[in-house]
Amino acid sequence: MSATIAFTGAALDRADHIRGDAERLAGLMDWRARLLKLDGVAPVLDREGALEWGTLADAAEDAELVFLGLRHGKACFAAVPDQGAAGPAYANPAIWAAMQALSPDELAIYGAARSLVDWHARHRFCARCGQPTALAKGGWQRTCGGCQAEHFPRVDPVTIMLVEHDDMLLLGRQPRFPPRRFSALAGFVEPGESIEEAVRREVFEEAGVVVQEVGYVASQPWPFPSQLMIGCHAMAEDTALNVDKTELEEARWFSRAEVAHAMRGGDDGAFIAPPPHAVAHHLLKWWLER
Ligand SMILES: [Zn+2]
């Protein structure tokens, strides 16, 4: 994978050894520490379109602070907002504008911070006993004050796959996509499944297509709220489709020429390709270059 996949490539040392060392962490929380400015969980940008940073004095006195890591020798933090994300991310124009404006490094820092503070805001009570939980290990854990249960920020694996047959690709349309946009099929990995099994199940459920061989291509953290998109490639036995209309509006096979045309940005072709910030875009690029 040549180009940077959005939300990867943060130039930030996560400094795991500091998280559990309360004394060392406290020592970093002085005037030199930097606070990532957030509006709820949305990014705040300066006039150059970069992330805006302040000092810890900018945080509310009782704010819970998460330690993002060390950047250019400085400790970076973000404050947990009162509430988690209000609506779906795709309904928030500020976030999509920031995704165009931010450098890859800053987009990755924002993504990790967003996912983490959003999780904290939504996990203030213990899932085991219902008592309040408190931030621990620099924000990479919450601990229950009642039963001492430890809770960890979640990552939800999602498979996203290019399904190939006879030099054609199977792509699908979700109802919420912009007109004529098609992308790779995707679905959450369920408890008790391997990645390969999830790919086979999802492709069969959504499109009625049987795939056998499944290979890994690339992955992407997707912080809306905490998916890990696992990009795969699978070979289909044949092209017969049986589309589940509750999941997909449409699924179709596209030729190599049609995929190449869409990826060149043509909107007069068979379909419109997924945008560059989506891992599906990189999967299509990988397939064309292979
Ligand atoms: Zn508890």
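Asker: Would you mind going over the overall build of the protein with me for this structure?
Answerer: Helices and strands together make up the secondary structure of the protein, namely 7 helices and 15 strands. Taken against the 2.2 N^0.38 rule, which gives 19 Å for 290 residues, the C-alpha radius of gyration of the protein at 21 Å falls within 12% of a compact globule. Taken along its principal axes, the extent of the C-alpha atoms in the protein is 60 × 45 × 30 Å. Each of the 290 residues in the protein was classed as buried or not, and the buried ones make up 47%. Residue pairs at least 24 apart in sequence account for 63% of intrachain contacts in the protein once pairs closer than 6 positions are excluded. Accessible surface, the protein: about 14300 Å² in total, of which carbon and sulfur atoms supply 51%. Looking at the protein, you have 28 positive and 40 negative side-chain charges, and the mean spots of the two groups are 4 Å apart.

Asker: Would you take a moment to explain the coordination of the zinc ion for this structure?
Answerer: The coordination sphere of the zinc ion, as far as protein atoms go, consists of C126 (SG), C129 (SG), C144 (SG) and C147 (SG), spread over 2.3 to 2.4 Å. Around the zinc ion, the 4 donor atoms are arranged such that angles at the metal cover 98 to 115°; this shape is classified as tetrahedral. In terms of primary sequence, the donors binding the zinc ion are separated according to C-x2-C-x14-C-x2-C. Relative accessible area serves as the criterion here: at 5%, C126 is assigned to the buried category.

Asker: Explanation requested: the sheet that holds strand β9 (residues 150-151) in the structure shown.
Answerer: The strands that make up a sheet pair up through hydrogen bonds in the backbone, lying either parallel or antiparallel. Sheet architecture is open: 3 strands sit in the order β7-β8-β9, paired in antiparallel fashion. Edge positions in the open sheet fall to β7 (133-136) and β9, since each of these has one partner strand only. In this sheet, β9 lies alongside strand β8 (residues 141-144) in antiparallel orientation, the contact comprising 2 bridges. Along β9, the bridge assignment pairs T143 with E150.

Asker: Please explain unusual backbone geometry as it appears in this structure.
Answerer: Peptide bonds are trans in most cases, and residues, glycine excluded, mostly fall at negative phi. Backbone torsion omega between F224 and P225 reads 5°, so that peptide bond is classified as cis. Even without glycine at this site, K137 takes up a positive phi of about 50°. Tracing the sequence through the fold places K137 in the loop between β7 and β8. For D167, which is not glycine, the phi dihedral falls at a positive 65°. Note on placement: D167 falls in the loop between β10 (156-165) and β11 (168-173).

Asker: When you look at helix α4 (residues 104-121) in this model, what are you seeing that I'm missing?
Answerer: Every α-helix carries 3.6 residues per turn, so stepping three or four residues along brings you back to the same face. Helix length check: α4, at 18 residues, gives a terminal C-alpha distance of 26 Å against a target of 26 Å (1.5 Å per residue), a fit within 8%. Burial analysis of α4 places 16 of its 18 residues in the buried class, which makes it a mostly covered element.

Definitions and limits used
- Residues numbered from 1 in each chain as written.
- Predicted model: local features only at pLDDT ≥ 70, side-chain atom pairs only at ≥ 80, totals over all residues.
- Heavy atoms only, no water.
- Helix = DSSP H or I, 4+ residues; strand = E, 2+ residues; numbered from the N terminus.
- Rg over C-alpha atoms; globule rule 2.2 N^0.38 Å.
- Buried < 20%, exposed > 50% of the residue type's maximum accessible area, 1.4 Å probe, protein only.
- Contact = heavy atoms within 4.5 Å.
- Areas by Shrake-Rupley, 256 points an atom, 1.4 Å probe, with all protein chains shown as cover.
- Lys, Arg positive; Asp, Glu negative; His and termini not counted.
- Charge placed at Lys NZ, Arg CZ, Asp CG, Glu CD.
- Donors = N, O, S within 2.8 Å, 3.2 Å for Na, K, Ca; no water.
- Tetrahedral: all angles 85-135°; square planar, octahedral: opposite > 155°, others 65-115°.
- Pairing = 2+ DSSP bridges.
- Expected span 1.5 Å × (residues − 1).

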